[in-house]
Amino acid sequence: LVWLLVLSLAWLGPALGGEDEVEEVIEEEEEEKKEDEVLSDEIKEEDNVLVLHEHNFARALSEHQLLLVEFYAPWCGHCQRLAPAFAQAATELRNESSPARLGKVDATAQTALATEFGITSYPTLKLFRDGNRTHPLEYTGRTDSQSMVRWMQRRAGPSATLLQDTDTIAAFVDSQDLVVVGFFKDLRGEAAQAFFEVAAEMLDMTFGVAEAAELFQAYGLSADTVCLFKKFDDRQTNFPVDPAQGLDTAELTRLLHAHSLQLVMEFTNETSHQIFGAKIPHHMLLFLNKSSPEQLSLQDSFRAAAGGFRGEVRWAHGRDTEGGCATPQPQCPLFPAQVLFVVVDVTGHGAGVLPFFGMTAADAPTLRLVKMKNNHKYRMEQDNFSDSAIRTFVRAVLDGKVKPHLLSAEPPEDWDTRPVKVLVGKTFEQVAFDETKNVFVKFYAPWCPHCQAMAAAWEELAERYKDREDIVIAEMDSTANELENITIHGYPTLHYFPAGPGRKMVEYKSTRDVETFSKFLENGGTLPEEPPVSEVREQAPVQGSPKPLLGEGMDPA
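A brief look at the structure comes next. Numbers given to residues run from 1 along each chain, matching the order in which its sequence is written. Reporting of local features is limited, given that this is a predicted model, to residues whose pLDDT is at least 70; pairs of side-chain atoms are given and counted only at 80 or more, and all residues count toward the totals for whole chains, interfaces and linings. Only hydrogens and water are set aside; all other atoms, that is, all heavy atoms of the structure, feed into the side-chain values.

Side note on the nonpolar core
Point 1. Residues enter a nonpolar core if they are buried and are Ala, Val, Leu, Ile, Met, Phe, Trp, Tyr or Cys, with the set joined through side-chain atoms within 4.5 Å. Only protein chains enter the accessibility calculation, which uses a 1.4 Å probe; a residue whose area is less than 20% of its type maximum is buried, one above 50% is exposed, and one in between is partly exposed. Counting residues in each nonpolar core, the largest one holds 24 residues, and the members touching the most others are Phe184, Phe195, Phe207, Leu247 and Leu256.
Point 2. A run of H or I in DSSP counts as a helix once it spans at least four residues, and a run of E counts as a strand once it spans at least two, with each numbered from the N terminus. Of all elements in the fold, only strand 9 (178-183), helix 8 (190-201), strand 10 (206-210), strand 11 (225-230) and helix 10 (249-260) reach the threshold of two or more residues within this core.
Point 3. Throughout, a contact is declared for two residues whenever any of their heavy atoms are within 4.5 Å. Aside from chain neighbours lying at most four places away, what touches Leu256 is Val180, Val198, Met202, Met205, Phe207, Leu228 and Phe239.
Point 4. In terms of nonpolar packing, the next biggest core, distinct from the first, is built from 23 residues, Leu288, Leu298, Phe302 and Val339 among them.

Brief notes about the state of the cysteines
Point 1. The disulfide definition used here is simple: a pair of cysteine sulfur atoms within 2.5 Å. This structure, assessed with the given rule, holds zero disulfides.
Point 2. In this structure Cys451 is a free cysteine whose sulfur lies 3.0 Å from that of Cys448, the closest cysteine sulfur available.
Point 3. For Cys451, a relative accessible area of 4% translates into the label buried.

Comments concerning empty space enclosed by the protein
Point 1. Computed over the protein atoms alone on a 1 Å grid, cavities are sets of points where a 1.4 Å probe fits but cannot get out and pockets are open sets with protein on both sides within 12 Å along at least five of seven lines; a residue lines them when it has an atom within 4 Å of a point. Grid points are joined across faces, edges and corners, and a volume is the space filled by probe spheres set on the points. If you walk through the whole model with that rule in mind, you get one cavity of 30 Å³ or more.
Point 2. By volume, the largest cavity is sized at about 60 Å³.
Point 3. Considering the residues around the largest cavity, the lining is formed by Ala258, Leu261, Gln262, Leu263, Ile280, Ala306, Arg310, Val339, Leu340 and Phe341.
Point 4. Per-element tally for the lining of the largest cavity: the top contributor is strand 17 (residues 339-345), with three residues.
Point 5. Among the residues forming the lining of the largest cavity, the class breakdown is eight nonpolar, one polar and one charged. Ten residues, namely Ala, Val, Leu, Ile, Met, Phe, Trp, Tyr, Cys and Pro, are considered nonpolar, four, namely Asp, Glu, Lys and Arg, are considered charged, and the remaining ones, Gly among them, are considered polar.

Observations concerning the side chain of Asn438
Point 1. Locating Asn438 in the fold gives a position in strand 21 (residues 438-444).
Point 2. Since its relative accessible area comes to 16%, Asn438 is described here as buried.
Point 3. A polar atom in the side chain of Asn438 sits 2.9 Å from the backbone nitrogen of Ala499.
Point 4. Among residues more than four places away in sequence, those in contact with Asn438 are Asp470, Ile471, Val472, Tyr496, Phe497, Pro498 and Ala499. Identification of polar contacts relies on pairs of N or O atoms within 3.5 Å, with a donor-acceptor requirement for protein atoms, meaning one able to donate a hydrogen and the other able to accept it, and with residues adjacent in sequence counted only if both atoms are side-chain atoms.

Points about the sheet that holds strand 9
Point 1. Here a strand pair is declared whenever DSSP counts at least two bridges between the two strands. Ordered in space as 8-10-9-11-12, the five strands form an open sheet in which the pairing is mixed. If you trace the sheet from one side to the other, it starts and ends with strand 8 (161-163) and strand 12 (236-240), each paired once. Adjacent strand axes in the sheet meet at a mean angle of 25 degrees, parallel and antiparallel pairs treated alike. For every element, the axis is a line fit to its C-alpha atoms; helices are fit only across the contacting stretch, and the angle between N-to-C directions ranges from 0 to 180 degrees.

Description of the pairing of strand 14 (residues 282-288)
Point 1. With seven of seven residues buried, strand 14 is to be regarded as a mostly interior element.
Point 2. By the bridge criterion, seven bridges tie strand 14 to strand 17 in an arrangement that is parallel. Within strand 17, the position partnered with Phe287 by the bridge is Val344.

So, the pattern of salt bridges
Should their charged atoms come close, side chains of opposite charge can pair.
Point 1. By definition, a salt bridge exists where a carboxyl oxygen of Asp or Glu is found within 4 Å of a side-chain nitrogen of Lys or Arg. Within the structure shown, the criterion is met by 25 salt bridges.
Point 2. The salt bridge partner of Lys377 is Glu482, with a shortest N-O separation of 2.1 Å. Of this pair, Lys377 sits in strand 19 (residues 376-378) while Glu482 sits in the loop between strand 22 (471-477) and strand 23 (490-491), and the two are 105 residues apart along the sequence. For the pair Lys377 and Glu482, one class covers both residues: buried.
Point 3. For the salt bridge of Arg464 with Glu515, the shortest nitrogen-to-oxygen distance reads 2.9 Å. With Arg464 in helix 16 (residues 449-465) and Glu515 in helix 17 (residues 514-522), this residue pair connects regions lying 51 residues apart in the sequence.

Some words on the sheet that holds strand 21
Point 1. In space, the five strands of this open sheet follow the order 20-22-21-24-25, with mixed pairing throughout. Across the chains shown, the open sheet's two edge strands, defined by having one partner strand only, are strand 20 (420-423) and strand 25 (506-508). This sheet shows a mean twist of 30 degrees between the axes of neighbouring strands, independent of strand direction.
Point 2. Both strand 21 and strand 24 (residues 493-497) contribute to a ladder of five bridges, which runs antiparallel. Looking at strand 24, one finds that Val439 is bridged to Phe497.
Point 3. Helix 16 rests against strand 20, strand 21, strand 22 and strand 24 of the sheet, and its axis sits at about 160 degrees to strand 21.
Point 4. Contacts between helix 17 and the sheet are confined to strand 21, strand 22, strand 24 and strand 25, with strand 25 contributing the most and set at about 160 degrees to the helix.

Quick look at the packing of helix 16 against helix 17
Point 1. Here helix 16 crosses helix 17 at 45 degrees, and the two axes come no closer than 9 Å. The angle between the axes of helix 16 and helix 17 places the two elements in the oblique class. Between helix 16 and helix 17 lies a crossing of right-handed hand. Across the interface between the two elements, Met454, Ala457, Trp458, Glu460, Leu461, Arg464 and Tyr465 of helix 16 pack against Val514, Glu515, Phe517, Ser518, Leu521 and Glu522 of helix 17.
Point 2. Looking at the contact of helix 16 with helix 17 residue by residue, the classes come out as eight nonpolar, one polar and four charged. These descriptions rest on fixed angle ranges, namely under 35 degrees for roughly parallel, over 145 for roughly antiparallel, 65 to 115 for roughly perpendicular, and the rest for oblique. Left-handed is the label given to a crossing in which the near helix is rotated counterclockwise from the far helix by less than a right angle, and right-handed is the label when the rotation is clockwise.

Comments concerning the environment of Gln295
Point 1. Relative to the helices and strands, Gln295 resides in helix 12 (residues 293-296).
Point 2. Spatially, the C-alpha atom of Gln295 lies 8.4 Å from that of Ala364, the residues being 69 residues apart in sequence.
Point 3. The residues contacting Gln295, other than those within four sequence positions of it, are Leu288, Asn289, Ala364 and Pro365.
Point 4. Polar side-chain contacts of Gln295 include one of 2.6 Å to the backbone nitrogen of Asn289.

Describing unusual backbone geometry
Point 1. Each neighbour pair has its own omega, and for Tyr122 with Pro123 the value is -10 degrees, a cis peptide bond.
Point 2. Mapped onto the elements, Pro123 comes out in the loop between strand 5 (121-122) and strand 6 (124-129).
Point 3. A positive phi angle is found at Ser97, which is not glycine, with a value near 55 degrees.
Point 4. As for its placement among the helices and strands, Ser97 is situated in the loop between helix 4 (77-95) and strand 4 (100-106).
Point 5. You can call Ser97 exposed: its relative accessible area is 63%.
Point 6. Its identity as a non-glycine residue notwithstanding, Asp130 has a phi of 55 degrees, on the positive side.

Right, dumping it as structure tokens:
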């Protein structure tokens, strides 16, 4: 009887509430299983991307000669957009049995790894080679899958093809519209190694290398030289290696970028990446209507003016000097002054950039020079399309003798009657530089979604301070207005101009809500020390400027 009673209680246990204890046991077992998985050095994969954490990271480095690791945050919009291309690149590399693999680390969960590798923004991509975790390389390519694959391939194998005889080099030169060949008498020497470094970085070009004496002779060379072969403009451009200085990787990269483009480029959907990617500091633009034969004829003098500015390097008095000096001095640094000449069809692809210049198609033909560093635009007092006039104008701009042409809308009649004051280029200084006021300015673009998202908060802030005589809340449409000494690189940008003499502009970089804005104002243009927050502060790039590559406009960690 006692035995039957014990069995009955055992069977009835779950019915009397024992199921809760069973569920707790199951949950505990599942948690223990998850902990065991994390603590294990087993490497799992998602879409051929290695899933890494602090317990399997060392194993991944030991097993893979080249490992490109993305440090990401699950909430990061840029990381989410990168994910498909990253997975596709990982799949391609695995399918070709490459020694290069791709991995990812959730930096918000794996804080020890994030701290070790100095992760401050998402996504951050780092390359680990031969198991070395102390000196990873920063990823320097674009973020489409093909660029990532090519970037890894250049590091997995020789970055330049060895060319051993005249037939091989002739076929190589003829294989593409543009190739680079380094002629070195010692492929193990410093100059050749520097050349290989450049080849590994410049993914848009194909590189070869030659050492045989007969090849030097075949191409009229007697010393180490880098040759750029093209099927347009000059067929062969030589860059001799300075025997004393050696091969400067930055200078060679600059020269190859400058000379790889046609002497005069046409701005199209296909060439826009080349034009901006070359990072030539000045762009001279001829706006014309290609349907007009009269305007098309202006290209001849434009091309004639272009030749003298392709690879010019000038001396400058001081680091930030706009122009150059006629007499170089030892203390004057060199800076690149090359100019890219570009034809823009106002009825074609170029129509989209006209608002950036405050122009319409009816303004063609006309000329503009743009400094890419600060987007300053320069125009002739009166357009003159002769080659000599164009050359004179370009040199005057480079010498700092021409003031930039700044856009400005007309101020609205009610610009100062509403809580948010509306500024334009013509009125900016009188308001922002008023020493009796603390002025907080939002620089925005009407089309920018981030600006639209914070518009209500900005209006509420202005309403809160509308009766304060010492505080002005203002905004300026930066697509229609430009300032000589303030360059806007993304939207929205917020600048604070404190009252008093010797005022210094402060850029606001915290969260975009009314309470934080208010704390900033009440604290005199700074924020009280508080624990950091994981706030995404995204900006839209300025239209007409180069599209951001990896590292620009990222989500802050």
